[in-house]
Amino acid sequence: MRLYKADLHIHTVLSPCGDLEMSPSAVIKKAIEAGLEIIAITDHNSTKNCSAYIKKGEQAGIVVLPGVEIQTSEEIHLIAVFPNLLIAEKFDRLIYNSLLPIENNPDFFGDQVIIDAEENILGIEERALINSSLWSLDEAVREVRNAGGVCFPAHVDASSYSLLGQLGFIPPDLQFKTLGITAKCKIDRLMAQYPFVKEYQLIRNSDSHYIEQIGTGYSNLYLEKPTFEEIASAINNTDGRFIKPAELS
Ligand SMILES: [Zn+2]
Ligand SMILES: [Zn+2]
């Protein structure tokens, strides 16, 4: 068992707010430079670019998990990761159908580009991924777990699109063990504001939309080996697996 350096919240060129330089080769290169051993691809409300980044990651010897950042109907961001691409792609059809059929405005939000590992453009996602899913937080969590994925609320210290920002508390019935925090989160301050956060383990991620953000926020995952099962156990804080967020540099 040892600690693995991980960042489970990275966007790609598919995210409307993601920089077009977030290509598979650039993301993987920067992740390796930053010493990361595990990353997750988590675009807004879509898993359509996971394949390209996983392929590039396999070539370079870094673990890339397929994931998604769901925006629930309460405007809460939830990070989910899945055991494999097949499951993530099945999940994509579910979440796609939970989005309102509103078109993206590329002039305002940027293009939502679907690419392969070699950066060939496979298509442009027309449906606006920036909008909320019709799923409530409860429904989103249930859908992720039914699919075989694991999830945690994203950036709870952020004032917008976060569980604490929107609700101010953590619904106990959802049985979260882990809360996501931003790259810049001051953990002492978060715990002073919300003392109940001490009951949870925290995972610091970069939430990278730009290449230079990769490596700015990460966590150490205590695992036997970097498989999905082990990572899921760390997120669920079971079997002696756990997560230690990096200190602020
Ligand atoms: Zn977010
Ligand atoms: Zn994000």
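As shown above, the structure is provided for reference.
Basis of the calculations
Residues numbered from 1 in each chain as written. Chains lettered and ligands numbered in written order. Predicted model: local features only at pLDDT ≥ 70, side-chain atom pairs only at ≥ 80, totals over all residues. Heavy atoms only, no water. Donors = N, O, S within 2.8 Å, 3.2 Å for Na, K, Ca; no water. Buried < 20%, exposed > 50% of the residue type's maximum accessible area, 1.4 Å probe, protein only. Helix = DSSP H or I, 4+ residues; strand = E, 2+ residues; numbered from the N terminus. Phe/Tyr/Trp six-rings, centres within 6.5 Å; stacked < 30°, edge-to-face > 60°. Lys NZ or Arg CZ within 6 Å of the ring centre and 35° of its normal. Axes fitted to C-alpha atoms, helices over the stretch in contact; angles between N-to-C directions. Left-handed = near helix turned anticlockwise from the far one by under 90°. Contact = heavy atoms within 4.5 Å. Nonpolar A, V, L, I, M, F, W, Y, C, P; charged D, E, K, R; others polar. Salt bridge = Lys/Arg side-chain N within 4 Å of Asp/Glu carboxyl O. Patch = residues over 30% accessible without salt bridge, like charges linked within 9 Å, V, L, I, M, F, W, Y side chains within 5 Å. Areas by Shrake-Rupley, 256 points an atom, 1.4 Å probe, with all protein chains shown as cover. Right-handed = clockwise from strand over helix to strand, strands pointing away. Pairing = 2+ DSSP bridges.

> Give a detailed account of the coordination of the zinc ion (ligand 1), specifying residues and quantitative values.
Protein-derived coordination of the zinc ion (ligand 1) comes from E69 (OE), H77 (ND1) and H155 (NE2), at a distance range of 2.0 to 2.1 Å. As a motif over one chain, the donors of the zinc ion (ligand 1) read E-x7-H-x77-H. The zinc ion (ligand 2) is placed at 3.5 Å from the zinc ion (ligand 1), the two being bridged by E69. In this structure, E69 and H77 share a single accessibility class: buried.

> Could you give me a rundown of the coordination of the zinc ion (ligand 2), with the residues and numbers involved?
Each protein donor to the zinc ion (ligand 2) is listed here as H9 (NE2), H11 (NE2), E69 (OE) and D207 (OD); together their distances run 2.0 to 2.1 Å. Every donor residue of the zinc ion (ligand 2) comes from the same chain, spaced as H-x1-H-x57-E-x137-D. By relative accessible area, which is 1% here, E69 ends up buried.

> Give a description of unusual backbone geometry that names residues and reports values.
Phi at N45 takes a positive value of approximately 55°, unusual for a residue other than glycine. Position of N45 among the secondary structure elements: in the loop between strand 2 (38-44) and helix 2 (50-60). Of the residues examined, N45 reaches a relative accessible area of 1% and is grouped as buried. At Y161, a position not held by glycine, the phi torsion is positive, near 55°. Mapping Y161 onto the fold places it in the loop between strand 7 (150-153) and helix 6 (163-166). Among the residues examined, Y161 registers a relative accessible area of 35% and is labelled partly exposed.

> Outline the packing of aromatic side chains, supporting the account with residue identities and numerical values.
All chains considered together, the criterion is met by 5 aromatic pairs. Centroid distance F82 to F91: 4.7 Å. Interplanar angle 40°. Geometry classified as tilted. A connected cluster of aromatic rings, assembled from ring pairs, spans F82, F91 and W135. Its guanidinium or amino end placed over the ring of Y4, R2 lies 3.8 Å from that ring's centre, counting from NZ or CZ. Lying across the ring of Y218, K5 places its NZ or CZ 4.2 Å from the centre.

> Before we move on, can you summarise the packing of helix 3 (residues 85-97) against helix 5 (residues 137-147) with the specific residues and values?
The description of two packed helices rests on the angle between their axes and on the distance between the axes. Relative orientation of the contacting elements helix 3 and helix 5 amounts to 150°, with a least axis distance of 10 Å. Helix-helix and strand crossings are classified by hand; for helix 3 and helix 5 the assignment is right-handed. Contact with helix 3, carried on its side by I87, F91 and L94, involves E143, V144 and A147 of helix 5 and no other residues of that element. In the contact of helix 3 with helix 5, the residues fall into 5 nonpolar, no polar and 1 charged.

> Give a description of the pattern of salt bridges that names residues and reports values.
In the structure shown here, the tally under the stated rule is 5 salt bridges. The salt bridge involving K29 is made with E33; its shortest N-O contact spans 3.3 Å. In this pair, K29 and E33 both sit in helix 1 (residues 24-33), 4 residues apart, roughly one turn of the helix. E33 carries the same exposure label as K29, and that label is exposed.

> Residue-level account of a nonpolar patch on the surface, with values.
Where nonpolar side chains cluster on the molecular surface, the patch consists of L100, I102 and L134 and spans about 260 Å² of accessible area. Its location among the elements puts I102 in the loop between helix 3 and helix 4 (106-109).

> If you had to explain the pairing of strand 3 (residues 63-71) to someone new, which residues and values would you point to?
The buried count for strand 3 comes to 8 of 9 residues, which makes it a mostly enclosed element. After leaving strand 2, the chain enters helix 2 and then returns to the sheet as strand 3, a path that is right-handed. Across 5 bridges, the pairing between strand 3 and strand 4 (residues 77-81) is antiparallel. If you follow Q71 over to strand 4, its bridge partner there is H77. Here strand 3 hands over to strand 4 after 5 residues, with E75 in that stretch at a positive phi of 65°.

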